[in-house]
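Fold and geometry: a report
As a plain string of letters, each chain reads:
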Amino acid sequence: MQLTRTALDEGLAPDTILSAHLIPAIEEVGRRFGSGEIFLPELMKSAGAMQAATAVIRSAAGAAGEMRLVRGTVVIATVQGDIHDIGKNIVSMFLESNGYRVADLGRDVSARAVLEGAREDRANVVCLSALLTTTMRRMREVIELFAREKSACPVIVGGAAISREFARAIGAAGYGKDAVEAVSEVTRIVEATHRALLLSTPTSGPLNRM
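Report on the accompanying structure. From a predicted model like this one, the values you see are computed outputs, not experimental measurements.

As a further point, take helix H1 (residues 2-9). An α-helical turn contains 3.6 residues, so any two residues separated by three or four positions project in the same direction. Thr 4, Ala 7 and Leu 8 are the residues of H1 that are buried. Viewed along the axis of H1, the buried residues span an arc of 100°, placing them on a single side of the element. Away from its buried face by more than 90 degrees, H1 exposes Gln 2, Leu 3 and Asp 9. Positive phi shows up at Gly 11, right after H1, with a value of about 100°.

Rendered as structure tokens:
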């Protein structure tokens, strides 16, 4: 926190601190976790430090009227019938540490509540968690409801009971075996969506002269 305040005092813009320094640092933490160089306690400590730093940055950005810090909005929930939320909470923390706004719907959340939450928060991505094999089928219910209601919001799934093969079988947009992979999947989807929007936006060229 103190280093972040010092950087702000020295005149660095809030979004520059986040995009050029903090996000690359936490992404490096994620890389090291994925490669086995560090472990969950180090990951959690780094995520906590990142959350503290981004709180300082968002406060400064709000005071300056700068609102370009959020990379996207993620709605996250543990599916209906499942009351386990430790994994979900770790993913939430790591998403926030990577610059995402997270709307945590909690645990034991129905498919309809997930859809309403995604609509209310205008989510870029929905993340679903399940620990139990008896509740993992609820993920399919969410995805099928989104399809029936014509919601284009991508759904990523993860949790102890979930495999990549299961994610594909139910039509999920992505799969995260842990918090680091979940963030990578969210980032992949958000960046792909942004690229698609840029490509679909008409650009004005020089006027034809007769």
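This brings us to the sheet that holds strand S2 (residues 101-104). Strand order in the open sheet formed by five strands is S2-S1-S3-S4-S5, and the pairing between neighbours is parallel. What marks the edges here is a single partner per strand, and that holds for S2 and strand S5 (174-176). Ignoring which end each strand starts from, the neighbouring axes of this sheet average 25° apart. Two elements, strand S1 (residues 73-78) and S2, share four bridges in a ladder whose sense is parallel. Across the sheet, the residue bridging to Val 75 is Ala 103, located in S2. Where helix H8 (residues 179-200) meets the sheet, it contacts S1, strand S3 (125-129), strand S4 (155-158) and S5, and its direction lies at approximately 155° from that of S5.

Here we take up the pattern of salt bridges. Per the stated rule, a full pass over the model turns up 13 salt bridges. In this structure, Arg 188 and Glu 185 form a salt bridge, with 3.1 Å as the shortest nitrogen-oxygen distance. Of this pair, Arg 188 and Glu 185 both sit in helix H8, three residues apart, which is roughly one turn of that helix. One continuous salt-bridge network, built from bridges that share partners, spans Glu 28, Arg 31, Arg 32 and Glu 37.

The rules behind these values
Residues numbered from 1 in each chain as written. Predicted model: local features only at pLDDT ≥ 70, side-chain atom pairs only at ≥ 80, totals over all residues. Heavy atoms only, no water. Buried < 20%, exposed > 50% of the residue type's maximum accessible area, 1.4 Å probe, protein only. Helix = DSSP H or I, 4+ residues; strand = E, 2+ residues; numbered from the N terminus. Arc of directions from axis to C-beta. Pairing = 2+ DSSP bridges. Axes fitted to C-alpha atoms, helices over the stretch in contact; angles between N-to-C directions. Contact = heavy atoms within 4.5 Å. Salt bridge = Lys/Arg side-chain N within 4 Å of Asp/Glu carboxyl O.

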